[in-house]
Amino acid sequence: MREPKHPDPEKQKIIEEAVRSGQGHVFRWWHEMGEQGKERLLKQLQAIAFRELGELYNQWKGAATPVSEQKIEPAEIISIPKTQEEISKAQRAVHRGEEAIRAGKIAAFVVAGGQATRLGIEAPKGTLKITPVREKTIFEHHSEKILALSARHKTRIPLYVMTSETNDGATREFFELNRYFGLDPSDVFVFKQEMMPALDFKGKLVLDAKDHIFTSPNGHGGSITSLKRAGALADMQARGIEYIFYFQVDNVLIKMADPLFLGHHIERGAEMSAKVAPKRDPEEKVGVVCRVGNATTVIEYSDLPDDYKYARNPDGSLTFSAGNLAIHVLSVDFVERLNTEKHSLPFHIAEKIIPFLDDNGSLVKPKKKNGLKFEKFVFDALSRARATSILEVDRDEEFAPIKNETGEDSPDTARDLMMRLSAKWLEKAGARVPRDSNGRVKGMLEISPLFALDAAMLKAKLPADFEVRFPLYLGPE
Ligand code: UTP
């Protein structure tokens with residue numbers, strides 16, 4: 001193949017660097033491309049850090065998972081309060097958190113740049129209809145929580161939404177079309193994360209069009225730099241925001257800007273915090289929050305040595321059981337510091353199916369994994385924090401991720417969990433909710449966050465003799 005020549009010396013340099021880095025095959029269709037196509041390809045190449053990509057490939061080839069020499073210990077956890085002293089501490093934390101909310105120091109930040117490959121939908125995950133009775137979408141459900149919490153504390157809680165190249169337009173349109181679900185449009189800040197090219201198993205970039213290199217979002221950990229680059233951090237600083245409540249779009253049970261969590265973060269002077277729940281069993285595929293050396297770290301399921309995975313305390317509970325729920329508080333100053341110190345989070349490497357062009361230039365989606373994707377994980381920032389706060393919560397009340405179309409972690413399991421929680425609140429308010437022997441609610445049930453944000457709020461609104469009749473929707477209208 002003839003090496004392309006470009007009249008512009010700057011662009012010629014890009015071509016040469018790609019060729020020197022062993023990626024000259026991306027010019028395979030150069031001679032039949034129009035000017036626009038050439039520009040598109042060069043623009044992508046210009047943004048690629050070839051050396052870093054080469055190092056990542058070598059890391060994968062070496063397949064050496066760096067095993068830490070340092071001792072792994074369980075992290076210090078703030079447990080679910082049981083004693084009177086713990087309960088008083090928790091109440092103080094709630095108070096502290098609520099103060100920060102009222103003072104307008106809190107932003108909600110949802111990462112929604114993922115591709116929802118397992119769920120298999122084209123549209124952004126947030127547009128999925130999820131609530132059991134009214135079939136409101138995930139974005140609407142989250143927005144209602146923000147609205148209700150803002151109203152309760154007579155404040156504004158801005159929402160930052162991280163999208164990616166593939167779903168940014170559709171996300172913006174969805175919010176606009178739905179009038180931001182009642183949020184003030186000036187309080188919704190949508191921004192894109194960065195993309196990262198994939199490599200095939202031979203370390204080569206993959207073309208998914210003659211003039212385009214396959215890329216995918218660089219992981220939720222990309223948010224640390226994207227918050228800064230996109231101006232979201234500056235926007236927060238201008239508003240006097242001090243703490244970022246981070247959550248993932250697909251967790252529909254999220255306790256929005258939980259004052260207890262915020263309060264502990266503030267009281268401990270933490271830079272980053274995480275919510276955890278006990279692992280169900282040693283095999284559960286969830287990262288565990290641990291202490292390695294002086295740092296709080298999340299060790300991925302696959303990286304936790306068996307000795308640790310199966311270790312048990314004298315009472316029989318798992319020693320390393322703090323399952324990471326992907327719910328965090330990050331101090332604005334911490335995110336700023338990570339950016340100034342140019343502490344880039346590491347990439348994790350995953351073998352995935354990557355669509356590619358065959359010799360005829362047609363797009364092929366292979367059945368087997370054929371390449372590598374690189375993603376940053378936000379929890380890696382925990383180990384960079386000078387102080388952390390790790391809070392244990394009841395998973396059934398706060399965690400219902402939607403990952404798969406059916407079965408485990410699917411829309412069905414999420415709806416079931418939403419209804420069980422609503423039922424629990426109703427029961428606390430004195431109502432009887434028909435359930436089967438497994439605790440499943442025997443009908444459709446939905447409580448809008450605009451009606452009640454928690455059990456206490458529901459109890460205050462319901463008459464003592466309230467009767468549950470399915471389908472039951474409790475909402476503002
Ligand atoms: P997942 O890792 O579960 O990815 O993301 P996903 O895109 O939802 O689903 P799969 O893996 O393709 O099936 C957890 C959360 O992190 C966000 C997702 O949008 C989701 O809220 N995320 C993930 C990003 O914002 N950017 C990314 O690059 C990856």
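Check the entry above for the structure.
Everything numeric in this text was worked out from a predicted model, so none of it was measured.

Colleague: Go over the overall build of the chain, please, and point to the residues and values.
Modeller: Within the chain one finds 14 helices and 21 strands. With respect to the principal axes defined by its C-alpha atoms, the chain has extents near 80 × 50 × 45 Å. Looking at the chain as a whole, 53% of its 477 residues qualify as buried. When contacts within the chain are restricted to residue pairs at least 6 apart in sequence, those whose partners lie at least 24 apart make up 74%. Accessible surface, the chain: about 23300 Å² in total, of which carbon and sulfur atoms supply 49%. Charge-centre separation for the chain: the mean point of 69 positive side chains lies 1 Å from the mean point of 70 negative side chains.

Colleague: Before we move on, can you summarise the pairing of strand β12 (residues 288-292) with the specific residues and values?
Modeller: Side-chain direction in a regular strand flips from residue to residue, so the side chains alternate between the two faces of the sheet. Judged by how many residues are buried, β12 sits mostly within the fold: four of five residues are covered. Relative to β12, strand β1 (residues 72-74) runs antiparallel, the two being bridged by three bridges. Within the sheet, the bridge partner assigned to I72 lies in β12 and is V292. Bridge count between β12 and strand β13 (residues 295-299): five bridges; the pairing is antiparallel. Its bridge partner being in β13, V289 is matched across the sheet by V298. As consecutive antiparallel partners, β12 and β13 are separated by two residues, and within that stretch G293 has a phi angle of approximately 65°, a positive value.

Colleague: Summarise the pairing of strand β4 (residues 188-192); cite the residues concerned and give the values.
Modeller: As defined by bridge partners, strand β3 (residues 159-163) adjoins β4 across five bridges and the pair is classed as parallel. By the bridge assignment, M162 is partnered in β4 with F191. In terms of handedness, the path from β3 via helix α6 (residues 168-177) over to β4 forms a crossover that is right-handed.

Colleague: Mind laying out unusual backbone geometry, listing which residues take part and the relevant values?
Modeller: Here the residue pair F470 and P471 is connected by a cis peptide bond, since its omega of -10° sits within 30 degrees of zero. On the secondary structure map, P471 appears in the loop between α14 (455-461) and β21 (472-474). Even without a glycine there, the phi angle at Y180 is positive, about 55°. Here Y180 falls in the buried class, since its relative accessible area comes to 16%. Located in the positive-phi region is A257, a residue other than glycine, with phi close to 40°. Within the element layout of this structure, A257 appears in the loop between β10 (243-248) and α9 (259-267). Assessed through its relative accessible area of 0%, A257 is described here as buried.

Reading the values: the criteria
Residues numbered from 1 in each chain as written. Predicted model: local features only at pLDDT ≥ 70, side-chain atom pairs only at ≥ 80, totals over all residues. Heavy atoms only, no water. Helix = DSSP H or I, 4+ residues; strand = E, 2+ residues; numbered from the N terminus. Buried < 20%, exposed > 50% of the residue type's maximum accessible area, 1.4 Å probe, protein only. Contact = heavy atoms within 4.5 Å. Areas by Shrake-Rupley, 256 points an atom, 1.4 Å probe, with all protein chains shown as cover. Lys, Arg positive; Asp, Glu negative; His and termini not counted. Charge placed at Lys NZ, Arg CZ, Asp CG, Glu CD. Pairing = 2+ DSSP bridges. Right-handed = clockwise from strand over helix to strand, strands pointing away.

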